[in-house]
Amino acid sequence: MVKTVDQDQSTQSQSGDLRQGSRPRVVVVGAGFAGLAAIEVLRDAPVELVVVDRHNFTTFQPLLYQVATAGLNAGDVAYPLRTVLRRARHAHFIQGTLAEVDAKRRFIGLEDGRIVDYDYLILGIGASASFFGIPGAEERSHTIYTLDAAVDVRNHIFQRFEYAASHGVHDGVLTFVVVGGGATGVELAGAIAELAHRALYTDFTMLGPDDVKVVLIEQRGRLLEAFHEDLSEYARRELRARGVTVLLNETVESVEEGLIVLKSGREIRNGLVLWAAGIAVPPVVSKLGLPTGRGGRIMVGSDLRVVGSDRIFAVGDVALSTNRDGAPLPQLAQPALQGGEHAARQILALLAGSETEPFRYRDKGIMATIGRRAAVAELAGGVRLHGTPAWVSWLLLHVAFLLGSRNKASVLMNWSWHYLSWGKGPRVILGG
Ligand SMILES: Cc1cc2nc3c(=O)[nH]c(=O)nc-3n(C[C@H](O)[C@H](O)[C@H](O)COP(=O)(O)OP(=O)(O)OC[C@H]3O[C@@H](n4cnc5c(N)ncnc54)[C@H](O)[C@@H]3O)c2cc1C
């Protein structure tokens, strides 16, 4: 017998359908960029909207590296999902983790055994890190895909400093290794270097400028491969100016306790390895019985419906959607936002008895920041920016996309403070 989750989750009925009146039920699983864009379309539509996420908040991933390096507070990049749905009369939120999808009987199962029926389902559960099977990488390195993980990295960074202050700098305790020279790796390396080489010296006066090392490892011949070569070179120069050692054409062979071994034979003793090298889909995807393609991503047709499923859409990082040339779309915020909105609109079209339309991705460009007044941007139409103009554009764009006035104000205030005080942010070790 199917258990159905009721509207306010206070009870579970053993059977039956709790749909509100005759409204068809649309379930959105995952409220990141893609899920939120779908919610925006469906919130006031003539459907019963059910939003499921393992967290009770949405996370603004592009700024997680700033939480990890004490530039921002955790709360600045998170927004409660119940607040997102506050004014929607026919929408409700369920905190739960997706465990199964039954496409035939049209329900999803959550890890704790609850079942949620759907008429249409949108899956937008994002991505996780890929460690490429490299020995020790998963066990001994840190990623920043979630808020918890970002706070954990911050704790580790400051614990290393505290350790060095008490025990001295030995065995590479203050060597921070970032693996992966894409946007996340470049942003992390730049932010740790600025934090370490500028902000922390006022607190840790016993440490000298050469005690902290930041190493960025990239297996290709340049950083930021998605950008024009000139911008890659600019990023490398700016990182070096901040004291980051950039190692190109180097591949990690294994990650051991306090030691990272490269295929070239080079070994780096370190205090912390941060992994920003590859993207995978969450492990649950392989258990959903849905078709998957490159990178384990869920295969979708041109309208973003999962191949072989009339009523399930997959959007954002977890979906293998393509551009007009058939190339997979990058796992970035813009494809997720546009895909989520498109899927929601197709559901409304289907409910109105119309045909679906193919998804057409509009490339608005890419950006990455390296540090104070240093960023790169490649905008639609081939416009390339670097330095202060790119940095200011990056700042404004990120504030614009944050949810909630409190978060926007808080981020602006924290950044201004950070800028004027040379990085004196929330440098606290939590837990422990
Ligand atoms: C550190 C970092 C920096 C980034 N920087 C940039 C950038 O500068 N620019 C850019 O364009 N992109 C950036 N990205 C990529 C961008 O954040 C993603 O492409 C985007 O978030 C994808 O949106 P999504 O909705 O597919 O997934 P997400 O935003 O990841 O949302 C997935 C949601 O699903 C939920 N979820 C996951 N598993 C389950 C489950 N089993 N059950 C229930 N809920 C679940 C999660 O809690 C989350 O709320 C960055 C990513 C990271 C990690």
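Residues numbered from 1 in each chain as written. Predicted model: local features only at pLDDT ≥ 70, side-chain atom pairs only at ≥ 80, totals over all residues. Heavy atoms only, no water.

(A) Up close: the sheet that holds strand β15 (residues 244-247). Strand order in the open sheet made by the four strands is β15-β14-β13-β19, with parallel pairing throughout. On the outer flanks of this sheet lie β15 and β19 (272-275), each paired with one strand and no other. The mean inter-strand angle of the sheet, taken between neighbouring strand axes irrespective of direction, is 20°. Bridge analysis of strand β13 (residues 175-179) against strand β14 (residues 213-217) gives five bridges, and the strand direction is parallel. Counted as the bridge partner of Thr175 is Lys213 from β14. Packing against the sheet, helix α5 (residues 147-167) makes contact with β13 and β19, and its axis sits at approximately 155° to β19. Taken strand by strand, helix α7 (residues 229-241) contacts β14 and β15, and its axis lies near 140° from that of β15. (Pairing = 2+ DSSP bridges. Helix = DSSP H or I, 4+ residues; strand = E, 2+ residues; numbered from the N terminus. Axes fitted to C-alpha atoms, helices over the stretch in contact; angles between N-to-C directions. Contact = heavy atoms within 4.5 Å.)

(B) The site of the ligand, seen in detail. The environment of the ligand is made up of 26 residues, and the closest members are Ala34, Asp53, Gln61, Leu98 and Asp317. Take Asp53: an N or O atom from its side chain is 2.6 Å from an oxygen atom of the ligand. One nitrogen or oxygen atom from the main chain of Asp317 is found 2.8 Å from an oxygen atom belonging to the ligand. Taken by itself the ligand offers 990 Å² of open surface, and the protein chains cover 91% of this. When residues of the shell around the ligand are traced back to their parent elements, those giving at least two are α1 (33-42) and α8 (333-351). Within the shell around the ligand, the residues separate by chemical class into 12 nonpolar, 11 polar and three charged. Per-domain counts for the shell around the ligand show at least three residues from each of domain 1 (4-127 + 281-351) and domain 2 (130-279). (Near = heavy atom within 4 Å. Polar contact = N/O pair within 3.5 Å; in protein donor to acceptor, adjacent residues only side chain to side chain. Areas by Shrake-Rupley, 256 points an atom, 1.4 Å probe, with all protein chains shown as cover. Nonpolar A, V, L, I, M, F, W, Y, C, P; charged D, E, K, R; others polar. Domains from an automatic or database assignment.)

(C) Representation of the confidence of the model for the chain in the model. Residues of the chain with pLDDT of at least 70 account for 94%, and the chain-wide mean is 91. Per-residue pLDDT stays below 50 along residues 7-19; that stretch engages in 32 contacts with residues further than four places along the chain or on separate chains. (pLDDT = per-residue confidence, 0-100.)

(D) Region of the structure containing the nonpolar core. Residues Ile108, Ile122 and Phe161 are the most contacted members of the largest nonpolar core, which totals 125 residues. Summarising the domain contributions, this core has at least three residues from each of domain 1 (4-127 + 281-351) and domain 2 (130-279). Leave out the neighbours within four places in its chain, and Ile108 touches Val27, Val29, Val52, Leu98, Glu100, Val101, Arg114, Ile115, Val116, Tyr118 and Leu121. In this structure, Ile134, Val252, Val255 and Ile260 belong to the second largest nonpolar core, which totals 16 residues. (Core = buried A, V, L, I, M, F, W, Y, C linked by side-chain atoms within 4.5 Å. Buried < 20%, exposed > 50% of the residue type's maximum accessible area, 1.4 Å probe, protein only.)

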